[in-house]
Amino acid sequence: MDSKSLILLILISLVAVLKWLFDRLIFIIKRNRRRNYYRNVYLQSDDWKRKRYVVLKRDNWTCVYCGSKATQVHHKKYAKRNIGKEPIKWLVSVCDSCHEKLHS
């Protein structure tokens, strides 16, 4: 392999690595935006409060995992797009300790 071919191969590899790093950075930025919106806007909204009440009432304010008094609602799945458009069936009522276990 001559030196020109080697330099070209190194440049192509460098461009591929830089593209991967750029794509990864964009992914992290978008994920952080979604997470911040979810935590700081959606979970404080009236829409979420209504949906939370519906789920707790549906489950009779009982933790679906241990049967004790439920005070929180857990997402079994998250909507990849359109935060807040998750169906009720993706949400369950949980007590504090079970919710803690689910997230640890």
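So, a few notes on the structure that sits alongside this text.

About the thresholds
- Residues numbered from 1 in each chain as written.
- Predicted model: local features only at pLDDT ≥ 70, side-chain atom pairs only at ≥ 80, totals over all residues.
- Heavy atoms only, no water.
- Helix = DSSP H or I, 4+ residues; strand = E, 2+ residues; numbered from the N terminus.
- Rg over C-alpha atoms; globule rule 2.2 N^0.38 Å.
- Buried < 20%, exposed > 50% of the residue type's maximum accessible area, 1.4 Å probe, protein only.
- Contact = heavy atoms within 4.5 Å.
- Areas by Shrake-Rupley, 256 points an atom, 1.4 Å probe, with all protein chains shown as cover.
- Lys, Arg positive; Asp, Glu negative; His and termini not counted.
- Charge placed at Lys NZ, Arg CZ, Asp CG, Glu CD.
- Salt bridge = Lys/Arg side-chain N within 4 Å of Asp/Glu carboxyl O.
- Phe/Tyr/Trp six-rings, centres within 6.5 Å; stacked < 30°, edge-to-face > 60°.

Per the secondary structure count, the protein chain includes 3 helices and 2 strands. Going from the N terminus to the C terminus, the protein chain shows its helices and strands as α-α-β-β-α. A compact globule built from 104 residues would reach a C-alpha radius of gyration of about 13 Å, whereas the protein chain, at 22 Å, exceeds it by more than 25%. Dimensions along the principal axes, computed over C-alpha positions, put the protein chain at roughly 75 × 30 × 20 Å. In the protein chain, which comprises 104 residues, the share counted as buried stands at 22%. Taking the intrachain contacts of the protein chain between residues at least 6 apart in sequence as the baseline, contacts between residues at least 24 apart amount to 58%. Entry remark: accessible area of the protein chain is about 8,200 Å², with carbon and sulfur atoms responsible for 60%. Computed over 23 positive and 8 negative side-chain charges, the inter-centroid distance for the protein chain is 3 Å.

Glancing now at the pattern of salt bridges. Scanning the model with the defined rule gives 4 salt bridges in all. Note that Arg50 is salt-bridged to Asp47, the shortest N-O span being 2.4 Å. Of this pair, Arg50 and Asp47 both sit in helix H2 (residues 46-58), separated by 3 residues, roughly a single helical turn. Taking the shortest distance from any N to any O, the salt bridge between Lys51 and Glu86 comes out at 3.1 Å. One end of the pair, Lys51, is in helix H2; the other, Glu86, is in the loop between strand E1 (72-75) and strand E2 (91-94), with 35 residues separating them in the sequence. With respect to burial, Lys51 and Glu86 carry one shared label: buried.

Okay, the packing of aromatic side chains next. Under the counting rule described, the total for this entry stands at 4 aromatic pairs. Look at Tyr38 and Tyr42: their rings are 6.0 Å apart centre to centre, the planes differ by 35°, and that puts the pair in the tilted class. With respect to class, Tyr38 is no different from Tyr42; both count as buried. Aromatic pair Tyr38 and Tyr78: ring centres 5.7 Å apart, planes at 85°, arrangement edge-to-face. Placement of the pair is Tyr38 in helix H1 (residues 3-40) and Tyr78 in the loop between E1 and E2, with a sequence separation of 40 residues.

Let us look at unusual backbone geometry. Where the residue is not glycine, phi is negative for most of them; where a peptide bond is considered, it is trans in most cases. We note that Asn60 has phi near 60°; this positive angle belongs to a residue other than glycine. For Asn60, a relative accessible area of 56% puts it in the exposed group. The phi dihedral of Trp61 is positive, around 50°, even though this residue is not glycine. Of note, Trp61 is situated in the loop between H2 and E1. The exposure class of Trp61 is partly exposed, given its relative accessible area of 33%.

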